[in-house]
Amino acid sequence: MRYKITRLCKKHVSYGNPMTNKTFAASSLAAQAMGWIDPVTKAVVPPIHMASTYQRDEDNGYSSGRIYARSDNPTFDQAEATLAALEGGAKALVFSSGMSAATACFLALAPGDHVVAPKVMYWSLRNWLAGFAQHWGLLVDFVDADRTDAIAAAVKPGSTKLVWIETPANPTWCVTDIAAAADIAHRAGALLGVDSTVGTPVLTRPIELGADIVMHSATKYLNGHSDIIAGALVGAHDDEHWQKLRTIRAQIGTILGQTEAWLLLRGMRTLFPRVAWACRSAQTLAERLSSHPMVAEVLYPGLPSFAGHAAAKKQMTGGFGGMLSVRVKGGERAAIASAARVELWKRATSLGGVESLIEHRASVEGPGTPCPPDLLRLSVGVEETSDLFDDLDQALRRGHNA
Ligand code: PLP
């Protein structure tokens, strides 16, 4: 996909020279956050708008289009426009967290609506959905979403309103065929929502594959520096449903703070090189760890032996992501002992930052988790790959002997 700067213009900001017909790659666009130049000062970086309210016109109107900052804030504009462009969507909305972005999609549904969601997905969202569904009267079927026949068997034409998938999915990285899921959802009269946090717009563009809503925990790769909590939705269409999501954000007030929006935009400028580096490194680590004597199995969509590899190859371009998991020989005890012995990797939850993180995921998810107890989740950052491997190697060996 090549982008024309003119396509991206919004009335209150200017994006480079709109007179030329030149097109640019997505990575060029991201690096310059759409080429925005402040029309007054010519600053290449936008200001942070702190105002919580806006002056009404003498004729009682709001010609600026702004009323109160619980609806939106000019600091969001560039981040939302950049993300919408990178995802090939009509519009984007930034939220106070990935959870508030995701939950807005379910809050937009009505009691009695049916939802299909994955068994393997971001655990907190799955927990919230199971509890919320009970109180709100949503009917939810959790399925093995890496099997499109399971999604097809679960949808109920007419009453299924949303099919939700996450791909690659936490923490086993199983892959859902997005185009097939979109087809199934649409035939049933439902929308397809995709948690593409790990896919990132660098590797996967769900809207081109038929998705209606793309969701990101922008806390992760989009920001990339582990210094904000943020979420985002991208809509394929600026339609009634999209306006409902916008209204939910404004009414509940799950907006992003101004400073966080600014940091998010700054992070997105380096999204492409960060993700490319992480993918290269994760692929190398997955291959090397596959023959490690203390590793029982490596879960990574980039490995030809991985169950979801073919689906991943079909819909991911430029790499298979920066996330992988290893199942440690010796079980839970050896896994936890290995995580305790890393020196470079950081033992912390979350993912998608420049620093590599390791986590014994089952401990975080708790009872009922489908996560195997011997699994260590690895978020690969931008450190030197050989340093990352050497550190894991010594930790796995010492952990096994502990
Ligand atoms: N989706 C995925 C795949 C995640 O990993 C997370 C957080 O870890 C979320 C959603 C929730 O995002 P946040 O923590 O920004 O609310």
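Residues numbered from 1 in each chain as written. Predicted model: local features only at pLDDT ≥ 70, side-chain atom pairs only at ≥ 80, totals over all residues. Heavy atoms only, no water.

Engineer: Just to check I follow, could you spell out the side chain of Asp113 for this structure?
Structural biologist: Following the sequence through the fold, Asp113 ends up in the loop between α3 (98-107) and β6 (114-118). An unpaired buried charge is present at Asp113: no salt bridge exists, and Lys161, the closest side chain of opposite charge, is 4.6 Å distant. Among the polar contacts listed, one links the side chain of Asp113 to the backbone nitrogen of Ala110, at a separation of 2.8 Å. In this structure, Asp113 is in contact with Gly137, Leu138, Leu139, Ser159 and Lys161, ignoring residues within four places of it in sequence. (Helix = DSSP H or I, 4+ residues; strand = E, 2+ residues; numbered from the N terminus. Buried < 20%, exposed > 50% of the residue type's maximum accessible area, 1.4 Å probe, protein only. Lys, Arg positive; Asp, Glu negative; His and termini not counted. Salt bridge = Lys/Arg side-chain N within 4 Å of Asp/Glu carboxyl O. Polar contact = N/O pair within 3.5 Å; in protein donor to acceptor, adjacent residues only side chain to side chain. Contact = heavy atoms within 4.5 Å.)

Engineer: Looking at this structure, how should I read the packing of α3 against helix α8 (residues 240-252)?
Structural biologist: Two measures define how a pair of helices packs: the angle their axes make with one another and the distance between the axes. The interhelical angle for the contact between α3 and α8, taken along N-to-C directions, is 115 degrees, at an axis separation of 9 Å. Crossing of α3 over α8 shows right-handed handedness. Contacts between α3 and α8 involve Ala104, Cys105 and Leu107 on the former and, on the latter, Leu245, Ile248 and Ile252. Residue composition of the contact of α3 with α8, by class: six nonpolar, no polar and no charged. (Axes fitted to C-alpha atoms, helices over the stretch in contact; angles between N-to-C directions. Left-handed = near helix turned anticlockwise from the far one by under 90°. Nonpolar A, V, L, I, M, F, W, Y, C, P; charged D, E, K, R; others polar.)

Engineer: Would you explain the domain arrangement of the protein chain in this entry?
Structural biologist: For interface size, the figure often reported is the accessible area lost on association. In terms of domain boundaries, the protein chain breaks down into domain 1 (2-268) and domain 2 (272-400). Taken together, the contact between domain 1 and domain 2 spans 35 residues of the former and 38 residues of the latter. For the pair domain 1 and domain 2, the summed buried surface comes to about 2900 Å²; carbon and sulfur atoms form 64% of the total. With its nearest N and O atoms 2.6 Å apart, the salt bridge here joins Asp177 to Lys314. Here domain 1 and domain 2 share 14 residue pairs in polar contact (both at pLDDT 80 or more) between them. Counting residues per element, the ones that place at least two in the side of domain 1 that touches domain 2 are α1 (26-31), α7 (200-203) and α9 (258-268). When grouped by side-chain class, the residues that make up the side of domain 1 that touches domain 2 number 19 nonpolar, 13 polar and three charged. (Domains from an automatic or database assignment. Buried area = accessible area lost by both parts, 1.4 Å probe.)

Engineer: Looking at this model, I keep getting lost on the pairing of strand β11 (residues 231-235). Mind explaining?
Structural biologist: Regular strands have side chains that alternate between both faces of the sheet. Across the five residues of β11, five count as buried, placing the element largely inside the fold. Both strand β5 (residues 91-95) and β11 contribute to a ladder of five bridges, which runs antiparallel. Bridged to Phe95 within β11 is Gly231. As judged from the five bridges shared by strand β10 (residues 213-217) and β11, these two strands associate in the antiparallel manner. Paired with Ile213 across the two strands is Gly235, which belongs to β11. (Pairing = 2+ DSSP bridges.)

Engineer: Please explain the UniProt feature "modified residue: N6-(pyridoxal phosphate)lysine" (unreviewed entry) in the protein chain as it appears in this structure.
Structural biologist: With numbering matched to this structure, UniProt assigns "modified residue: N6-(pyridoxal phosphate)lysine" (unreviewed entry) to Lys220. The residue Lys220 is located in the loop between β10 and β11 in this model. When residues no more than four places from it in sequence are discounted, the contact partners of Lys220 are Thr197, Ser350, Leu351 and Gly352. (UniProt positions renumbered as here; feature names shortened; annotations may be inferred.)

Engineer: Any chance you could explain the site of the ligand here in plain terms?
Structural biologist: Contacts to the ligand come from 14 residues, most closely from Met99, Asp195, Ser217, Thr219 and Lys220. Taking Ser217, its side chain carries an N or O atom lying 2.9 Å from an oxygen atom of the ligand. Expressed as a share of its isolated accessible area of 390 Å², the protein-covered part of the ligand is 92%. Elements with a contribution of two residues or more to the shell around the ligand: α3 and β10. (Near = heavy atom within 4 Å. Areas by Shrake-Rupley, 256 points an atom, 1.4 Å probe, with all protein chains shown as cover.)

Engineer: So what exactly am I meant to see when it comes to the packing of helix α12 (residues 331-339) against helix α14 (residues 385-401) here?
Structural biologist: Relative to each other, α12 and α14 sit at 130 degrees, their axes nearing to 7 Å. When the axis of α12 is compared with that of α14, the two are oblique. Like other packed secondary-structure pairs, α12 and α14 cross with a definite hand, here right-handed. On α14, the residues that touch Arg333, Ala334, Ala337 and Ser338 of α12 are Ala395, Leu396, Gly399 and His400. Residue composition of the contact of α12 with α14, grouped by class: four nonpolar, three polar and one charged. (Parallel < 35°, antiparallel > 145°, perpendicular 65-115°, else oblique.)

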